[in-house]
Amino acid sequence: MKWKSDIRPEPEPCREQDEGKFEISYRDGQARLGKLHTKHGILQTPCLLPVINPNIRTIEPNEMWNKYGIQALITNSYVIWKHDELKEKALADGVHSLLDYPGVIMTDSGTFQSYVYGDVEVGVEDIVKFQNDIGVDIATMLDVFTRPDMTFAEVEEAVDETLNRAEKSLTAANGTMLNGPIQGGIFPELRVKSAKGMSEHAFSVHPIGGIVPIMENHNYRDLVKIMLASKSNLTPNRPVHMFGCGHPMLFPMLVAMGADLFDSAAYALFARDGRLLTPWGTERITEMEEWPILMPAVVGVTPAEVRSMSKDERTEILAKFNLEVTLQEMSRCRQAIRDGKIWQLAEMRSHQHPSLRQAFLWLITNPARSSMEPLILDDVTASKETGSEKGAWEENWDWLVYSQTSPRIGSESWGGFDTYHRPQIELARRRLFSRWKSNKTGDVILFHGASAPWRERIGYLTDKLVNTDYELFVYTPVGLLPWGLEDLNPWAHIEGPDWLWKRRPDLSWAQRELERLGITDRKIITFDISDTENLHEKMFKKLSLDEPKRDQNKRLTEQMVQKLVVLLNVENSTAQDICDDATFTMSRTERIRNMTDKEGRHLFSPRLAEGGISLTIDGATLLHSLRKEKIPIGFPDEEFGFCPGKGPAWIVVNDDAVPYIKQGRNVMHGFVEGVDKWLRPNENVLIVDTNGNLVGFGRSNSTVSEMASSTKGIAVKTREGIR
Ligand code: GUN
């Protein structure tokens, strides 16, 4: 079809060989910005596909394309198939012409109608073939709907039958991209079965099915459980669609768990009975004096004026309002991913509806996790569950936590005790507990009473304490931070009110923190640094110690050792050897810029913004030479741990890629032969050829399972190649 509009050009088709591929271009934990390659354009995700009823078009599809910039929509092939006139036109001119829309068109199969009306008349292969014949971009197989009131046996039968239909449907699709829905009702083990089974077939997208009645009942806790069980068991290289999920209130939490596509009939259905969608719930127009948000659709009219309009006119305005709000919240989610703030957005939205809050609390606290303070708030306690499910959920939560990137640039604004359970903070804490090692045997000094940067208050003081045997920590709202890591995100970047820092330290909590850090049976000495007056005098008086001489170099060396151990996974004594007699170039603000070892090699450069560390060629070469593990072959099962002391993860690339990597080009998916099981997004990795020779180094973009399954996009951002 030639698109007639001159307002917004037709989409560019993807390259033929890329059709159906999904590329992750940016991530925030499991949330991702992706590109789905189709014949009618490269769809940017996460995104919303408005539902078009071919019989009742509340907003014209071409307006969706031109005015709203909507890249994809969804309609129902069964409705078209049942309607002689529509069917004839669709078969003759194609679905894009029928709907007068040039972008990506997804169609559903009639499964939902079978749920609503009991049955459908169409065959499993017929409906897929029909979708192919009318030229849809993404078709849907006829899955078997699983209702929340069905028994385990009934649901299992539906899951098995859906799986049974998979290959037939893919054959009937004849190359058209196909949706393979995940069913399983409210039974996590059946969701797992469905997700694993469907992943084995060549579907392009996996919708999560059977969730409409759950959302209608506001049973968001079940929705979250379904999402976790399904998503964590699906192959990560395909987008996940939330069937029938169009309420913007739900977007942030689902996006944070890895949802990529949503569809919404809600914008039109709610408009018909005078309801407005907002990111915080639903509001009725009936007695409204003011708009809850001013959207373009209602600029210049009052709710009272809209109420007095004809039903059709009113429905159109409200549908536009709802669509605009929905699109806006989706943009907000995408931007939050870019900003590394998707979890915070979900956290914020969780306060908007009691059921959503319950779901969120379940998510962050169930089960109590070993690394975290088990439970802090009473409402958290109320939402906690125990029992047989515990093991599975624990793994699901791990899946979320270990996909996070940390350290990050930017602040973590304090949002109450929820902050403590943000998965990126949990990741940082778990890594610290797993890798950090104490090198002292004396009492513990806990500095408290002030927010970062602490070095401005106690940098000089700690230069004096460095030659004593005291172990130094900062007491922060998200846990104890070893002094050597004083500038590390997130601890150093918690932004909160004064009282948060001024609270009296909770010593029993501090004790438990120390135990997690491997320190037991040591005395804790607290030291308030809120007032810097006579700080040194007070400190040494408290310790009954003559003021030792300042040894800045030693403090900097300790800092580097701790960064190597925690962030580059170097074994503790090896890190000390590397940093022995090192020299430092400093920034104007007295922070380490570069570290040069005793042989004069510049090995590492701390990253000042987030307290991380960068390698140089010499640094990468040294760490490569220290490796004791074998060359990784293939892709291990993802392990939710940190493998302390094994060095930065290796990624093995095939021979075709080697010359490009040596020139400093990125490692692309499809060229990776193997990875270490402790590889994590955004961590430093060493890139080697199949013989284990170092060819470059950089930062991973992916988790182990993404490395194993992805075929398009950047796998590792190469920092430098080694010629
Ligand atoms: N629309 C809403 N839920 C479903 C589902 O479970 N399957 C299909 N095919 N379409 C849906």
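Here we summarise the structure given alongside this text. In this text the structure is predicted, and so the values were computed from the model without any measurement. Residue positions are given per chain, counting from 1 as you read along its sequence in written order. Side-chain atom pairs in this predicted model are given and counted only at pLDDT of 80 or more, local residue features only at pLDDT of at least 70, and totals for whole chains, interfaces and linings cover all residues. Excluded from the side-chain calculations are hydrogens and water; all other atoms, namely the structure's heavy atoms, are used.

1. With respect to a nonpolar patch on the surface
Link 1 in the chain: Nonpolar side chains (Val, Leu, Ile, Met, Phe, Trp, Tyr) are joined into patches within 5 Å and like charges within 9 Å, using only residues with over 30% relative accessible area and no salt bridge. Only the protein chains shown count as covering a residue, and every accessible area follows the Shrake-Rupley method with a 1.4 Å probe. For this analysis, a salt bridge means a side-chain nitrogen from Lys or Arg found within 4 Å of a carboxyl oxygen belonging to Asp or Glu. Taken together, the side chains of F112, V116 and Y117 make up a nonpolar region of the molecular surface, amounting to roughly 330 Å² of accessible area.
Link 2 in the chain: Assignment of secondary structure puts Y117 in helix α5 (residues 111-117). Think of it this way: any DSSP run of H or I at least four residues long counts as a helix, any run of E at least two long counts as a strand, and we number them from the N terminus.

2. Structural notes on the sheet that holds strand β22 (residues 602-607)
Link 1 in the chain: Only strands joined by at least two bridges in the DSSP assignment are considered to pair. Spatial strand order, β20-β21-β22-β23: four strands in an open sheet with antiparallel pairing. If you trace the sheet from one side to the other, it starts and ends with β20 (583-586) and β23 (612-615), each paired once. Recorded for the sheet is a direction-independent mean angle of 25° between the axes of neighbouring strands.
Link 2 in the chain: The pairing of β20 with strand β21 (residues 592-596) spans four bridges and is antiparallel. Counterpart to T583 in the pairing with β21 is T596.
Link 3 in the chain: Contacts between residues were defined by any pair of non-hydrogen atoms, one from each residue, lying within 4.5 Å. For every element, the axis is a line fit to its C-alpha atoms; helices are fit only across the contacting stretch, and the angle between N-to-C directions ranges from 0 to 180 degrees. With respect to the sheet, helix α26 (residues 617-625) is in contact with β22 and β23, its orientation differing from that of β22 by roughly 110°.

3. Thoughts on the pairing of strand β24 (residues 649-653)
Link 1 in the chain: Burial analysis of β24 places five of its five residues in the buried class, the great majority of the element.
Link 2 in the chain: Of the two faces of β24, both are covered, the one formed by A649, I651 and V653 as well as the one formed by W650 and V652.
Link 3 in the chain: The pairing of β24 with strand β27 (residues 684-688) spans four bridges and is parallel. Paired with A649 across the bridge in β27 is V685. A 1.4 Å probe rolled over the protein chains alone gives each residue an accessible area, and that area as a share of the maximum for its type sets the label: buried under 20%, exposed over 50%, partly exposed in between.

4. A look at the pattern of salt bridges
Link 1 in the chain: This structure, assessed with the given rule, holds 43 salt bridges.
Link 2 in the chain: Measuring nitrogen to oxygen at the nearest pair gives 3.1 Å for the salt bridge that ties K193 to E156. In this pair, K193 is assigned in helix α8 (residues 188-199) and E156 in helix α7 (residues 152-173), connecting sequence segments 37 residues apart.
Link 3 in the chain: Classification of E156 by relative accessible area gives partly exposed; the value is 26%.
Link 4 in the chain: For K646, the salt bridge identified is with E629, shortest N-O distance 3.2 Å. With K646 in the loop between α26 and β24 and E629 in the loop between α26 and β24, the pair connects residues that are 17 residues apart, well separated along the chain.
Link 5 in the chain: Given the relative accessible area of 31%, E629 is considered partly exposed.
Link 6 in the chain: The structure contains a network of salt bridges with shared partners spanning R15, D18, K21 and K712.

5. Section: the site of the ligand
Link 1 in the chain: Think of it this way: one heavy atom of a residue within 4 Å of a molecule or strand is enough to make that residue near it. Close contacts around the ligand come from D108, S109, T111, F112, T140, D143, F145, Q183, G209, G210, V212 and F243, and that covers them all.
Link 2 in the chain: As used in this structure description, the phrase polar contact means that two N or O atoms lie within 3.5 Å; if the pair is within protein, one of them must be able to donate a hydrogen and the other to accept it, and residues adjacent in sequence are counted only when both atoms belong to side chains. At 2.8 Å, a side-chain N or O of D143 approaches a nitrogen atom of the ligand.
Link 3 in the chain: G210 places a main-chain nitrogen or oxygen 2.8 Å from an oxygen atom of the ligand.
Link 4 in the chain: Protein burial of the ligand: of its 280 Å² of free accessible surface, 97% is covered by the chains.
Link 5 in the chain: In terms of residue class, the shell around the ligand is built from four nonpolar, six polar and two charged. Only Asp, Glu, Lys and Arg are considered charged in this grouping, and only Ala, Val, Leu, Ile, Met, Phe, Trp, Tyr, Cys and Pro are considered nonpolar; every other residue, Gly among them, is considered polar.

6. Focus on the nonpolar core
Generally speaking, nonpolar side chains in soluble globular proteins are found buried as a group.
Link 1 in the chain: Residue types Ala, Val, Leu, Ile, Met, Phe, Trp, Tyr and Cys, when buried and joined through side-chain atoms within 4.5 Å, form a set referred to as a nonpolar core. Ranked by internal contacts, the top residues of the largest apolar core, which has 114 residues, are M242, L254 and F262.
Link 2 in the chain: Per-element accounting of this core gives the leading share, eleven residues, to helix α14 (residues 311-339).

7. Concerning the packing of aromatic side chains
Aromatic rings considered in pairs are described by the distance between their centres and by the relative angle of their planes.
Link 1 in the chain: In summary, the pairing rule links any two rings of Phe, Tyr or Trp, Trp by its six-membered ring, whose centres are within 6.5 Å, and it sorts them by plane angle into stacked for under 30 degrees, edge-to-face for over 60 and tilted for everything else. Inspection of the entire model under this criterion finds 19 aromatic pairs.
Link 2 in the chain: Taken together, a centroid distance of 5.8 Å and an interplanar angle of 85° make the contact between W65 and Y101 edge-to-face. Of this pair, W65 sits in helix α1 (residues 61-66) while Y101 sits in the loop between α4 (95-99) and β6 (104-108); the two residues are 36 residues apart in sequence, bridging distant segments of the chain. For the pair shown, W65 and Y101 are each scored as buried.
Link 3 in the chain: Between Y402 and F642 the ring centres are 5.2 Å apart and the planes differ by 50°, which places this aromatic pair in the tilted class. A residue pair is termed long-range when its members are at least 10 positions apart, and Y402 in the loop between α18 (390-401) and β14 (412-413) and F642 in the loop between α26 and β24 qualify at 240 residues. When sorted by exposure, Y402 lands in the same class as F642, which is buried.
Link 4 in the chain: Sitting above the plane of the F270 ring, R275 keeps its charged end 4.0 Å from the centroid.
Link 5 in the chain: Seen from the ring of F642, R680 lies directly overhead, with NZ or CZ sitting 5.2 Å from the centre. Think of it as a cone above the ring: NZ of Lys or CZ of Arg counts as a charge over the ring if it is within 6 Å of the ring centre and within 35 degrees of the ring normal.

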